[in-house]
Amino acid sequence: MSVVSVSMPEELLERIDQFAEDHGYTGRSEVFREASRNLLGEFEDKKLEDRDLMGVVTVVFDYETTSVEEKMMHLRHEHEGIVAANFHSHVGGHHCMELFVLEGSLEEISTFVGKIRATKDTLTIDYSVLPVDDFGPLADMN
């Protein structure tokens, strides 16, 4: 098995170690392997390929110490073809939340989420993807 080196804030590493202990993992390597498998599998769902999809992406960041808000604006404009809506809100004392509603293909949404994840200084990123081409009884309305 290969050994890799990963840089991360000490606070995050402490949280991972505590998570490993609380959930019975043998160590942080096992947590990272499972998280990596889950991350790689997220957009490999064959049931979502070649379908019209909606994605909701939520990003939280500290507005006093980062330039994340400006980066979010650039991503919104760069991907205006799939960004159906965007909402910005202040939450707590020093935080902002950016919410994106996306409409597009699996590849387009995956690319957008990847760029959000690659943005330095985000605190949390959460998203969900669901097909919009079949809403049961509503699908019959066409």
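Now for a description of the structure that goes with this document. (Residues numbered from 1 in each chain as written. Predicted model: local features only at pLDDT ≥ 70, side-chain atom pairs only at ≥ 80, totals over all residues. Heavy atoms only, no water.)

Across 10 bridges, strand E1 (residues 53-62) lies against strand E3 (residues 95-104) in antiparallel orientation. Bridged to Val56 within E3 is Val101. (Pairing = 2+ DSSP bridges. Helix = DSSP H or I, 4+ residues; strand = E, 2+ residues; numbered from the N terminus.)

Bringing the environment of Leu13 into the picture now. Structurally, Leu13 is set in helix H1 (residues 10-22). Residue class for Leu13 comes out buried when judged on its relative accessible area of 18%. Measuring from C-alpha to C-alpha, the distance between Leu13 and Arg28 comes to 8.6 Å, with 15 residues separating the pair along the chain. Residues within four places of Leu13 in sequence aside, it is in contact with Met8 and Arg28. (Buried < 20%, exposed > 50% of the residue type's maximum accessible area, 1.4 Å probe, protein only. Contact = heavy atoms within 4.5 Å.)

Turning to the packing of aromatic side chains, a few remarks are in order. A complete count under the given rule lists 2 aromatic pairs for this structure. Ring geometry for Phe100 versus Phe112: centroids 5.1 Å apart, planes at 70 degrees, classification edge-to-face. Of this pair, Phe100 sits in strand E3 while Phe112 sits in helix H4 (residues 106-117), and the two are 12 residues apart along the sequence. Overall, the relative accessible area of 0% leaves Phe112 in the buried class. (Phe/Tyr/Trp six-rings, centres within 6.5 Å; stacked < 30°, edge-to-face > 60°.)

A separate point is the sheet that holds strand E4 (residues 122-131). Strand order in the open sheet made by the 4 strands is E2-E3-E1-E4, with antiparallel pairing throughout. In this open sheet, the two strands that pair with only one neighbour each are strand E2 (83-91) and E4. Looking at each pair of strands side by side, their axes are set apart by 10 degrees on average, direction ignored. The pairing of E2 with E3 spans 8 bridges and is antiparallel. For Val83, the partnering residue across the bridge sits in E3 and is Leu102. Its contacts with the sheet place H4 against E1, E2, E3 and E4, and it is angled at close to 5 degrees to E1. (Axes fitted to C-alpha atoms, helices over the stretch in contact; angles between N-to-C directions.)

Within the chain, Asp121 stands out as a residue other than glycine whose phi angle is a positive 80 degrees. Locating Asp121 in the fold gives a position in the loop between H4 and E4. Since its relative accessible area comes to 36%, Asp121 is described here as partly exposed.

A few words on the packing of helix H3 (residues 68-78) against H4. Interhelical geometry of H3 versus H4 gives an angle of 165 degrees and a closest axis separation of 11 Å. By the criterion of interaxial angle, the relationship of H3 to H4 is roughly antiparallel. Regarding H3 and H4, the two cross each other, and that crossing is right-handed. Of the residues in H4, those in contact with Met72, Leu75 and Glu78 of H3 are Phe112, Lys115 and Ile116. For the contact of H3 with H4, a count of residues per class yields 4 nonpolar, no polar and 2 charged. (Parallel < 35°, antiparallel > 145°, perpendicular 65-115°, else oblique. Left-handed = near helix turned anticlockwise from the far one by under 90°. Nonpolar A, V, L, I, M, F, W, Y, C, P; charged D, E, K, R; others polar.)

Moving on, we come to the pattern of salt bridges. Across all of its chains, the model carries 3 salt bridges by this definition. In this structure, Glu98 and Arg76 form a salt bridge, with 3.8 Å as the shortest nitrogen-oxygen distance. With a gap of 22 residues between them, Glu98 in strand E3 and Arg76 in helix H3 connect regions that are remote in the sequence. For Arg76, a relative accessible area of 23% gives the class partly exposed. Here Lys115 ties to Glu78 by a salt bridge, and the two come within 2.3 Å at their closest N and O atoms. (Salt bridge = Lys/Arg side-chain N within 4 Å of Asp/Glu carboxyl O.)

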